[in-house]
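Summary of the model geometry
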Amino acid sequence: MIEDGAILSDEGRILWVGEGNDPPSMGGDAVDLVDLEGRWVTPGLIDCHTHLVHGGDRAREFELRLAGASYEEIARAGGGINSTVTATRAASEDQLVAAALPRLDALLAEGVTTVEIKSGYGLSLDSELAMLRAARRLGTERAVEVVTTCLAAHALPPEYRADRAGYLRLVIDEILPAAAREGLADAVDAFMEGIAFSGEETAQVFAAARKLGLPVKLHADQLSNLHGAALAARFGALSVDHLEYTDADGVAAMAAAGSVAVMLPGAYYTIRETQAPPIAAFRAAGVPMAVATDCNPGTAPLTSLLLAMNMAATLFRMTVDEVVAGVTREAARALGRHRDLGTLEDGKHCDMAIWDIDRPAELVYRIGFNPLHARVVRGRMIRR
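Description of the structure in this document. Here the structure is a predicted model, which is why all the values come from computation and not from measurement.

1. A short note on the nonpolar core
Ranked by internal contacts, the top residues of the largest apolar core, which has 94 residues, are Val53, Val115, Leu138, Tyr167, Met263, Phe282 and Met318. Counting residues per element, this core draws most heavily on helix α6 (residues 164–181), which supplies eight residues. Excluding residues within four positions of it along the chain, Tyr167 makes contact with Leu123, Ala152, Ala155, Leu156, Pro157, Tyr160, Ile175 and Phe197.

Dropping the structure here:
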């Protein structure tokens, strides 16, 4: 914490951070001085796990869950991810962008300057690529850095219900190479769960990703312990996400691999899970912990990172420092972008959030209140 600080930036990069009102001279160059009048400044917030691009909604499934249906029951009855697949496939790329923009705007209004967006609701070559193109376009429509992840191994599409091996071949031989060839994916993800893909299938997808030079991450141990955390760590995963049922071996494997544990309390809350991730074990093992919204139409229709921060503290008992680091420094690490983002230091992108608060705990403690004064993206001030 710097009580009386200043930040000097040029061409979108931070040149200097320190105490006092007089930053170092820029050799006679003109300096545009912005007085923040005592406000708090943090790195720009990073939402490192979202499914922002999709067609339709799943409000009906929300009603079914309220009536007692489980996530797995809904999925096995043809709902869940596949209902969003139908709506997404029916939407054009322009329609996907238009539908995602309000969700993105809600995040930006709370200080987000970087957002990860996954595919995974197309589950065909054309539709997966359309989702990734739409995600890339969002980064040109708004002042935000978009990091894209190919999640083609999200679910088994209806037309491949009797041919799991055939769909895996489609993902490995066609979708991933095309996404890599067109520069549409920064990483590859998979959903390893009883209702999705096995460890053996996930390993095949990850091996293909690594051959293409793409890092991996994994939805793991959300509904059961299939030892996904350990498998992801074996492939040097950037992050392993959800983790409600991760065991001690998984925690140790992640610590050894340096993988970030991404906490998604919005999904935990929405599906009314009762087993929280092993926060104390992650803490004791030195596993970095990030926090994200998991914004998606089914299990986390959440477009507030500030609310996710409160949930992480209230439901998972993370500390204020852990939560704030979880949406800045550790979130950047979860995306493999920690050399450029996530902290305020020399050489990094000048992405900041400016807050009307008296102490950082307010960012975590308040519910339904947004104290953002302005965002700074690549050195450019953007008012709310």
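What follows continues from the structure just given.
2. Observations concerning the packing of α6 against helix α7 (residues 199–211)
At a closest axis distance of 10 Å, the pairing of α6 and α7 adopts a crossing angle of 15°. Put simply, α6 runs roughly parallel to α7. Crossing geometry of α6 relative to α7 is assigned as right-handed. Facing α6, whose interface residues are Arg164, Leu168, Val171, Ile172 and Leu176, α7 presents Glu201, Gln204, Val205, Ala208 and Ala209. For the contact of α6 with α7, the residue count by class is seven nonpolar, one polar and two charged.

3. Regarding the sheet that holds strand β5 (residues 112–118)
Across the sheet, which stays open at both edges, the eight strands sit in the order β4-β5-β6-β7-β8-β9-β10-β11 with parallel pairing between neighbours. On the outer flanks of this sheet lie β4 (45–47) and β11 (289–291), each paired with one strand and no other. The mean angle between the axes of side-by-side strands here comes to 25°, regardless of whether they run parallel or antiparallel. In the packing of α7 onto the sheet, contacts are made with β6 (145–153), β7 (187–192) and β8 (217–220), and the angle to β7 comes to roughly 175°.

4. Focus on the pairing of strand β9 (residues 239–242)
Relative to β9, β8 is paired through four bridges, and the arrangement is parallel. Of the residues in β9, the one forming a bridge with Lys217 is Ser239. A crossover links β8 with its parallel partner β9, the connecting element being helix α8 (residues 228–234), and its sense is right-handed. Across three bridges, the pairing between β9 and strand β10 (residues 260–263) is parallel. Its bridge partner being in β10, Val240 is matched across the sheet by Ala261. The parallel pair β9 and β10 is bridged by helix α9 (residues 248–257), and the resulting crossover is right-handed.

5. So, the packing of aromatic side chains
Tallied over the entire structure, the rule returns four aromatic pairs. Seen in terms of ring centroids, Phe206 and Phe235 are 5.5 Å apart; in terms of plane orientation they differ by 75°. Their pairing is edge-to-face. Placement of the pair is Phe206 in helix α7 and Phe235 in the loop between α8 and β9, with a sequence separation of 29 residues. Residue classification places Phe235 among the buried residues on the basis of a relative accessible area of 16%. Within the aromatic cluster, the residues linked to one another by ring pairs are Tyr160, Tyr167 and Phe197. The ring of Phe369 carries Arg366 above its face, with NZ or CZ at 4.6 Å from the centroid.

Reading the values: the criteria
- Residues numbered from 1 in each chain as written.
- Predicted model: local features only at pLDDT ≥ 70, side-chain atom pairs only at ≥ 80, totals over all residues.
- Heavy atoms only, no water.
- Core = buried A, V, L, I, M, F, W, Y, C linked by side-chain atoms within 4.5 Å.
- Buried < 20%, exposed > 50% of the residue type's maximum accessible area, 1.4 Å probe, protein only.
- Helix = DSSP H or I, 4+ residues; strand = E, 2+ residues; numbered from the N terminus.
- Contact = heavy atoms within 4.5 Å.
- Axes fitted to C-alpha atoms, helices over the stretch in contact; angles between N-to-C directions.
- Parallel < 35°, antiparallel > 145°, perpendicular 65-115°, else oblique.
- Left-handed = near helix turned anticlockwise from the far one by under 90°.
- Nonpolar A, V, L, I, M, F, W, Y, C, P; charged D, E, K, R; others polar.
- Pairing = 2+ DSSP bridges.
- Right-handed = clockwise from strand over helix to strand, strands pointing away.
- Phe/Tyr/Trp six-rings, centres within 6.5 Å; stacked < 30°, edge-to-face > 60°.
- Lys NZ or Arg CZ within 6 Å of the ring centre and 35° of its normal.

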